[in-house]
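# Observations on the three-dimensional arrangement
Below, each chain spelled out in residue letters.
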Amino acid sequence: MVSPLAALGVSTPVLAAPMAGGPTTPALVTAAARANGLGFLSGGYRTADVLAEQIAEVRSDGVGFGVNLFAPNPVPVDPEAFRRYARTVAPEARTYGIDILGTGIVEDDDHWSDKIDLLLSDPVPVVSFTFAVPEAAVIAALRAAGTLVVQTVTSAAEARLAAEAGVDVLAVQASAAGGHSGTLTPQHIPAPVPLTDLLGEVRQAVSLPLVAAGGVATPSDATGALRAGAAAVMVGTVLLRADEAGTSRPHRAALADPVRRRTVVTRAFTGRPARALRNGFTDRYTDLAPAGYPALHHLTSPMRKAAAAADDPERINLWAGTGYRHATAEPVGQILQRLASGL
């Protein structure tokens, strides 16, 4: 099968994953394209206006690129569980003079309609979706505008849903991935299925081209994923320390800290399963956090921003996949070229 990515000028099948919250920058996306790969701007947690500015910046560099959106898939939080959790973590926020006890429950959709309107009025080469499969009409409209549509899936069942909705490509994400799981059922922690096994299961279920994600950190990881049927791999964690990344200073330092020896899947920061380096916050609150996205994200966000500004790694979400030891402080292009060296 000829990869549809080839038509976008992608000759090196190693893509830069979208990383919301700061790590993905326009410079990172441009660098991925100049390494003959492809990068994705992260539309998550951004307004349509800010996203439009970033699109214009990358477009001015004359490179191919993609945009990722969080498709709405709310997990409404139980109000009493929310208030109980707010009381529990309030001392952490008070460390930075922040009072979260009066925080209301926010169940927003991350400016979904505005961003879809933007991408239909000013089409980009690729759009990918995470957290949910959009309505078939949205997918059809994007494709009619000339956009390649990619859907993140974490199981064969999700792959079938995405194929039925009309997407072009599947990003198959294993549980080893850093940050939020793209699972469509975030009330449950995804099973720890190895990436190559997951690719095999999805290949049996659908005939769409596959991009492999989750735990790809070495040239042998990339080679193994392509041998298992992927047309390309997508990496995020290994780029967190890259020169062009917008990763916070304490996050960068934690990734290189030899004392940090494991990752955990936690709802403690956002109410949705996400893989992070273990720290004080995950130790104290992973077992206490209720399911509830985006309510818990909005609850803890002010504390996390203050902690990052104060170089405090114990109260921020240190998103990281299982291959975090391979994250290096060097240009994006060198990292992607090394990962592609065995292909």
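Because the structure is a prediction, the values reported are computed rather than measured.

We now examine the packing of aromatic side chains. Under the criterion given, the structure shown has eight aromatic pairs. Arranged with centres 5.3 Å apart and planes meeting at 80°, the rings of Tyr45 and Phe70 form a pair that is edge-to-face. In this pair, Tyr45 is assigned in the loop between β2 (40-42) and α2 (48-59) and Phe70 in strand β3 (residues 66-70), connecting sequence segments 25 residues apart. Using a relative accessible area of 30% as the deciding quantity, one classes Tyr45 as partly exposed. Measuring from centroid to centroid gives 4.9 Å for Phe269 and Phe281, while their planes differ by 20°, and the two rings are stacked. With Phe269 in the loop between β10 (263-266) and β11 (274-277) and Phe281 in helix α10 (residues 280-285), the pair connects residues that are 12 residues apart, well separated along the chain. Take Phe269: its relative accessible area is 1%, and that puts it in the buried class. An aromatic cluster is present here, built from Tyr85, Phe269, Phe281, Tyr285 and Trp319 joined pairwise through their rings. Geometry around Phe131 places Arg272 over its ring, the cationic atom sitting 3.8 Å from the centre.

Looking at the secondary structure, you find Ser42 in strand β2. Owing to a relative accessible area of 2%, Ser42 belongs among the buried residues under this scheme. A polar contact of 3.4 Å, which involves the side chain of Ser42, links it to the backbone nitrogen of Ala20. Excluding its chain neighbours within four sequence positions, the residues that come into contact with Ser42 are Pro18, Met19, Ala20, Thr24 and Asn68.

Let us look at the environment of Pro273. Checked against the element boundaries, Pro273 lands in the loop between β10 and β11. Sequence-wise, Pro273 and Ala27 are 246 residues apart; in three dimensions their C-alpha atoms are separated by 28 Å. Other than its neighbours up to four places away in sequence, Pro273 contacts Gly179, His180, Ser181, Pro186, His188, Ile189, Pro190, Val265, Thr266 and Arg267.

Each value, and the rule that gives it
Residues numbered from 1 in each chain as written. Predicted model: local features only at pLDDT ≥ 70, side-chain atom pairs only at ≥ 80, totals over all residues. Heavy atoms only, no water. Phe/Tyr/Trp six-rings, centres within 6.5 Å; stacked < 30°, edge-to-face > 60°. Helix = DSSP H or I, 4+ residues; strand = E, 2+ residues; numbered from the N terminus. Buried < 20%, exposed > 50% of the residue type's maximum accessible area, 1.4 Å probe, protein only. Lys NZ or Arg CZ within 6 Å of the ring centre and 35° of its normal. Polar contact = N/O pair within 3.5 Å; in protein donor to acceptor, adjacent residues only side chain to side chain. Contact = heavy atoms within 4.5 Å.

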